[in-house]
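So you can see what is in the structure, the chains are spelled out below.
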Amino acid sequence: MNNLTTDIGYISLNKYGEELCGDHVEITGHGDGSAVIVLADGLGSGVKANILSTLTAKILSTMVANRLPVEDCVHTVAATLPICKVREIAYSTFSIISITDNREAEIIQYDNPQVILLRGGRNFDYPQEQEEIGGKLIYKARIALEEGDLFVVLSDGAIHAGVGITLNFGWQREDIIHFLEGSYDAGCSARAVSTLLAGRCNDLYGGHPRDDTTVCTLKIRRRSPVNLMIGPPVERADEAEMLAGFFGRRGRYIVCGGTTAKIAAAWLGKRVEVGAPVYVDPDIPPTARIEGVDLVTEGVVTISRVLEYAKDCLGANSRYEEWRKNTDGASLIARMLFEEATDVNFYIGRAANPAHQNPGLPINLNIKLRLVAELAEALRKMGKKVEEIEY
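Now for a description of the structure that goes with this document. Quick caveat, the model's predicted, so the values are computed rather than measured.

For the protein chain, the helix and strand inventory stands at 11 helices and 16 strands. Taking 2.2 N^0.38 as the reference for a compact globule, 391 residues should give roughly 21 Å; the C-alpha atoms of the protein chain span a radius of gyration of 23 Å, in line with that estimate. Seen through its C-alpha atoms, the protein chain measures out along the principal axes to roughly 70 × 45 × 40 Å. A separation of at least 24 residues holds for 69% of the contacts in the protein chain among residues at least 6 apart in sequence. For the protein chain, the accessible area works out to roughly 17,800 Å², and carbon and sulfur atoms hold 50% of it. Both charge centroids of the protein chain, one from 41 positive and one from 52 negative side chains, sit 4 Å from each other.

A large share of strand β11 (residues 213–222) lies buried, amounting to 9 of its 10 residues. Bridge count between strand β1 (residues 4–13) and β11: 10 bridges; the pairing is antiparallel. Bridge pairing links Tyr10 to Cys216 in β11. The sheet contact formed by strand β10 (residues 150–154) and β11 spans 5 bridges and is antiparallel. Its bridge partner lying in β11, Leu150 is registered against Lys219.

A full pass over the atoms with the stated rule returns 0 disulfides. Free of any disulfide, Cys21 has its nearest cysteine sulfur in Cys201, 12 Å distant. Free cysteine Cys313: the closest other cysteine sulfur is in Cys188, separated by 12 Å.

Once that is clear, we can look at the sheet that holds strand β7 (residues 122–123). Paired through their backbone hydrogen bonds, the strands of a sheet run either parallel or antiparallel. Pairing is antiparallel in the open sheet, where 5 strands are placed in the order β1-β11-β10-β6-β7. Both edges of this open sheet fall to β1 and β7, since each of them pairs with a single strand only.

A separate point is the environment of Arg210. For Arg210, the position within the fold is in the loop between α5 (190–204) and β11. Along the sequence, Arg210 and Lys368 sit 158 residues apart, while their C-alpha atoms lie 43 Å from each other. Excluding its chain neighbours within four sequence positions, the residues that come into contact with Arg210 are Lys15, Val163, Gly164, Ile165 and Tyr205. Within the structure, Arg210 has its side chain in polar contact with the backbone oxygen of Val163 (distance 3.5 Å).

Let us now look at the pattern of salt bridges. Scanning the model with the defined rule gives 28 salt bridges in all. When the shortest N-O distance is used, the salt bridge between Arg223 and Asp343 registers 3.0 Å. On the criterion of sequence distance, the pair formed by Arg223 in the loop between β11 and β12 (225–230) and Asp343 in strand β15 (residues 343–348) is long-range, its members being 120 residues apart. Ionic pairing is found between Arg305 and Asp283, a salt bridge with its closest N-O pair at 4.0 Å. Of this pair, Arg305 sits in helix α8 (residues 300–314) while Asp283 sits in the loop between α7 (258–268) and β14 (295–297), and the two are 22 residues apart along the sequence. Through salt bridges with shared partners, a single ionic network connects Asp281, Asp283, Arg305, Glu308, Arg319 and Glu322.

Quick look at the nonpolar core now. Here is a general trend for soluble globular proteins: nonpolar side chains tend to be buried in one another's company. Leu337, Phe338 and Phe346 are the most contacted members of the largest nonpolar core, which totals 57 residues. Residues in contact with Phe346, not counting those within four places in the same chain, are Leu228, Val372, Leu375, Ala376, Leu379, Val386, Glu387, Glu388 and Ile389.

To continue, consider the packing of aromatic side chains. Overall, the coordinates contain 9 aromatic pairs when judged by the stated rule. Plain terms: the ring middles of Tyr347 and Tyr391 are 6.5 Å apart, the flat faces sit at 10 degrees to each other, and that makes the pair stacked. Highlighted residues: Tyr347 in strand β15 and Tyr391 in the segment after β16 (385–390), separated in sequence by 44 residues. By relative accessible area, which is 16% here, Tyr391 ends up buried. Three or more aromatic residues joined by ring pairs make a cluster, and in this case those are Phe246, Phe247, Tyr253, Tyr347 and Tyr391. Sitting over the face of the ring of Phe124, Arg119 holds its NZ or CZ atom 4.5 Å from the ring centroid.

Next up on the list: the side chain of Glu239. Among the secondary structure elements, Glu239 is positioned in helix α6 (residues 239–247). Classification of Glu239 by relative accessible area gives buried; the value is 17%. Those residues within four positions of Glu239 in sequence are excluded, and the remaining contacts are Pro233 and Ile263.

On to a nonpolar patch on the surface, then. A cluster of nonpolar residues, Leu20, Val47, Ile51 and Leu55, forms a patch on the protein surface that exposes about 310 Å² of accessible area. According to the relative accessible area criterion, Leu55 is partly exposed, its value standing at 33%.

The rules behind each value
Residues numbered from 1 in each chain as written. Predicted model: local features only at pLDDT ≥ 70, side-chain atom pairs only at ≥ 80, totals over all residues. Heavy atoms only, no water. Helix = DSSP H or I, 4+ residues; strand = E, 2+ residues; numbered from the N terminus. Rg over C-alpha atoms; globule rule 2.2 N^0.38 Å. Contact = heavy atoms within 4.5 Å. Areas by Shrake-Rupley, 256 points an atom, 1.4 Å probe, with all protein chains shown as cover. Lys, Arg positive; Asp, Glu negative; His and termini not counted. Charge placed at Lys NZ, Arg CZ, Asp CG, Glu CD. Buried < 20%, exposed > 50% of the residue type's maximum accessible area, 1.4 Å probe, protein only. Pairing = 2+ DSSP bridges. Disulfide = S-S within 2.5 Å. Polar contact = N/O pair within 3.5 Å; in protein donor to acceptor, adjacent residues only side chain to side chain. Salt bridge = Lys/Arg side-chain N within 4 Å of Asp/Glu carboxyl O. Core = buried A, V, L, I, M, F, W, Y, C linked by side-chain atoms within 4.5 Å. Phe/Tyr/Trp six-rings, centres within 6.5 Å; stacked < 30°, edge-to-face > 60°. Lys NZ or Arg CZ within 6 Å of the ring centre and 35° of its normal. Patch = residues over 30% accessible without salt bridge, like charges linked within 9 Å, V, L, I, M, F, W, Y side chains within 5 Å.

This is the structure:
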């Protein structure tokens, strides 16, 4: 296996007035170099479309992950989906990308906009084959992966954006490619690309999408570990083991909490440099500096804000610009964990902080552990490989 990984991020816009999205993204087996990503677009919108797309995506992702023939997958979907009494048809269009060993991508598409591939920031026209299966024209392609490859998977709401509002014929695939090339940033995460493109679609719709719109981006990138330590261990005797494990890891280092910063600095033979407190955000304590550590922040309050950002990132991602641009401790952690990291290693000290024993403070050990556990789970949902080590 090479040192590459697949960064995956998607955003969906519901058709205006609908509570449920008629598109569905299913990700199976993400990790250890392989993954199956399915974007299904159900017929129509609302509840029926949601059911159609969800069934389609789950069936296809499971079957493809188990290496079953495409023919069997298509026939199973056709036989399983309920029939629309009005239109007397039952189908959901779909796009499938199957990643193997982070070396090869197999693309299978039916009636969705053709998957876009940017290589080196420019559109790459990959060769495709056509095959008729059960009366459906299926497009297939196999592509050897390169670091930096960016796959953008769309539902047809994207190419319909702006029809009759801001554009006569919608936002054509060529226009989307031009937009992606013009806004390309090699440092952007898959989630950031999806957010940017979905935001542009929403603008073209005038903020009232006339169709469910989904953008799912896959980025092939080199593994980038980030290590975060919060809290001292319960037993003083375990400090050396915890610090040796933490600083023995490859990657970048984040230290959270005053006591944690002191023991980390002592281990490195350095000083904690505080300087004059600078409150970039009035609700987030200032950062500090330790030579050899990438970021030093306060603990529970800062991590609580990072968790807020993580939950929003997995949803509407409406606070993206906030943490993407700000320089407070929580925003800096968010950028490192959400944008830079592919692997996140948490070193969690379970010792109670004496500063938190004041009954007037709504902070205790259980809250800290819960915050870190929820943040770890959110990062896993983002596709990160997460390890939690407690002392």
